[in-house]
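Residues per chain are reported as follows:
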Amino acid sequence: MNIVNFTPITATLGGMIIGLAVVIFFLFNGRLVGISGIASNALTEKDNKFDNLLFLLGLILGPIIYSLFTSKEINITISNSFILLIFAGLLVGVGTRISGGCTSGHGISGIGRFSLRSIIATITFMIVGILTVLIKNFI
Amino acid sequence: MNKLISLIAGIIFGIGLVVSEMVNPAKVLAFLDLFGNWDPSLAFVMIGALVVSSPLFHLIKNKEKPLLAEKFNYSNNKEINNKLIIGSALFGAGWGLGGLCPGPAISSLALLNINSIIFVFAMFIGFYLVKFFNLNKTS
């Protein structure tokens, strides 16, 4: 194991900003953030549809507003294999709905309220994620 | 008013994803590359988010009701079953393949990157499949 590109300060700061968003949503609207739930309910459920769509719109506006205020360009590196992306997207969509949460819903909101269910979910998807990358690096 | 909060919470969450660089799949994959070139940043994002959200969650939940809603509305599901493990494992595999989970994937739509658009499209098909085949209901 080599530790590379580690950015603890911006990671912690960004994490605290995410935590603030979770707190605001809970304090005012009484709901806990879980992006897979918000996104999937925006698609399939009538309840809170408009709220969910607005939250998703906010997620997309966040990076745009950040760029406007800091005039920093946001660069990402993403796979350009369409087959891999479609397969990965399907797995993420199906998996998060069967288990009832993703990195935010289980990993932050669930662990934050000390839910054993969410702790087990988070450990499971982290281990499988790490194994997947390990196997991918071998192939 | 709570519609505005949904939008604002989404924007703040999205800004947190950019500041922490979690919007970049390469950064997430580097976290999952535990046995190679490891970037521990994602763990610090989760810690930052939890430090802010967890104490405030426990404080706020004892209030009679949220500021802009009739009641608190979050899952208190404690069931630990096969669906939780299988779903989390499927999600972990998809996460490890693409480096994208739902929040960063949706935020990255702001960059109009064709690869992230394809991923999000596949993810929403995944959400829909679970709903259509009732996979989240049957155990």
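Model, not experiment: these values are computed from the prediction.

Here F55 of chain A shows up in helix α3 (residues 49-70). Given a relative accessible area of 0%, F55 of chain A falls into the buried group. Separated by twelve residues in the primary sequence, F55 of chain A and L43 of chain A place their C-alpha atoms 13 Å from one another. Setting aside chain neighbours within four positions, we find F55 of chain A in contact with F25, V33, I35 and I38 of chain A together with S6, A9, G10 and F13 of chain B.

Here we take up the pattern of salt bridges. As enumerated under the stated definition, the model contains three salt bridges over all chains in all. The closest approach of N and O atoms between E45 of chain A and K131 of chain B, which form a salt bridge, is 2.7 Å. In this pair, E45 of chain A is assigned in the loop between α2 (35-44) and α3 and K131 of chain B in helix α6 (residues 114-132), connecting two distinct chains. Here D39 of chain B ties to K27 of chain B by a salt bridge, and the two come within 2.8 Å at their closest N and O atoms. Of this pair, D39 of chain B sits in the loop between β1 (37-38) and α3 (41-60) while K27 of chain B is found in helix α2 (residues 25-32), placing the two residues twelve residues apart along the sequence. In terms of burial, D39 of chain B and K27 of chain B fall into one category: buried.

A word on helix α1 (residues 8-29) of chain A. Compared with the 32 Å implied by 1.5 Å per residue over 22 residues, the 31 Å span of α1 of chain A between its first and last C-alpha is a close match. What α1 of chain A keeps buried is the set A11, G14, G15, I18, G19, A21, V22, V23, I24, F25, F26 and N29 of chain A. In the core, the buried residues of α1 of chain A are packed alongside α2, α3 and α5 (105-112) of chain A together with α1 (2-19) and α3 of chain B. Directly beyond the C-terminal end of α1 of chain A, a positive phi value near 75° is found at G30 of chain A.

Listed by partner, the interface residues are 109 residues for chain B and 106 residues for chain A. Interface area for chain B against chain A, summed over the two sides, is near 9,700 Å², with a carbon-plus-sulfur share of 78%. In this structure, the connection of chain B to chain A is made through two salt bridges. Inspection of the region where chain B meets chain A yields 27 residue pairs in polar contact (both at pLDDT 80 or more). Looking at the side of chain B that touches chain A, the elements that each hand over two or more residues are α1, α2, β1, α3, α4 (82-98), α5 (102-107) and α6 of chain B. No other element matches the 16 residues that α1 of chain B contributes to the side of chain B that touches chain A. In terms of residue class, the side of chain B that touches chain A is built from 64 nonpolar, 33 polar and twelve charged. Across two bridges, strand β1 (residues 2-3) of chain A lies against β1 of chain B in parallel orientation.

The terminal C-alpha atoms of α3 of chain B lie 29 Å apart, and with 20 residues this matches the ideal 28 Å at 1.5 Å per residue to within 8%. Largest kink in α3 of chain B: about 30°, centred on L50 of chain B. Here α3 of chain B has its buried residues at S41, L42, V45, M46, G48, A49, L50, V52, S53, S54, F57 and I60 of chain B. Looking at the packing, one finds that the buried side of α3 of chain B touches α1, α5 and α6 (116-138) of chain A together with α2 and α4 of chain B.

This part takes up empty space enclosed by the protein. Inspection of the entire model under this criterion finds one cavity of 30 Å³ or more. By volume, the largest cavity is sized at about 180 Å³. Around the largest cavity, the lining is made up of 17 residues, and of these T103 of chain A together with L17, M22, C101 and P104 of chain B lie nearest the centre. Of all the elements in the fold, those that place two or more residues in the lining of the largest cavity are α1, α3 and α5 of chain B. Examining the composition of the lining of the largest cavity, we find that three residues originate from one element, α3 of chain B, more than from any other. Across the lining of the largest cavity, the residue classes tally to 14 nonpolar, three polar and no charged.

A few words on the packing of aromatic side chains. If you walk through the whole model with that rule in mind, you get 14 aromatic pairs over all chains. Judged by centre distance (5.1 Å) and plane angle (70°), the ring pair of F6 of chain A and F44 of chain B falls under edge-to-face. Of the two residues, F6 of chain A sits in the loop between β1 and α1 while F44 of chain B sits in helix α3, which places them in two different chains. Take F6 of chain A: its relative accessible area is 31%, and that puts it in the partly exposed class. Feature note: the residues F26 of chain A together with F57, F72 and Y74 of chain B constitute an aromatic cluster, connected by ring pairs.

What counts and what doesn't
Residues numbered from 1 in each chain as written. Chains lettered and ligands numbered in written order. Predicted model: local features only at pLDDT ≥ 70, side-chain atom pairs only at ≥ 80, totals over all residues. Heavy atoms only, no water. Helix = DSSP H or I, 4+ residues; strand = E, 2+ residues; numbered from the N terminus. Buried < 20%, exposed > 50% of the residue type's maximum accessible area, 1.4 Å probe, protein only. Contact = heavy atoms within 4.5 Å. Salt bridge = Lys/Arg side-chain N within 4 Å of Asp/Glu carboxyl O. Expected span 1.5 Å × (residues − 1). Buried area = accessible area lost by both parts, 1.4 Å probe. Polar contact = N/O pair within 3.5 Å; in protein donor to acceptor, adjacent residues only side chain to side chain. Nonpolar A, V, L, I, M, F, W, Y, C, P; charged D, E, K, R; others polar. Pairing = 2+ DSSP bridges. Bend = angle between axes of the 7 residues up to and from the residue. 1 Å grid on protein atoms, 1.4 Å probe; cavity = no way out; pocket = protein on both sides within 12 Å on 5 of 7 lines; lining within 4 Å. Points joined across faces, edges and corners; volume = space filled by probe spheres on them. Phe/Tyr/Trp six-rings, centres within 6.5 Å; stacked < 30°, edge-to-face > 60°.

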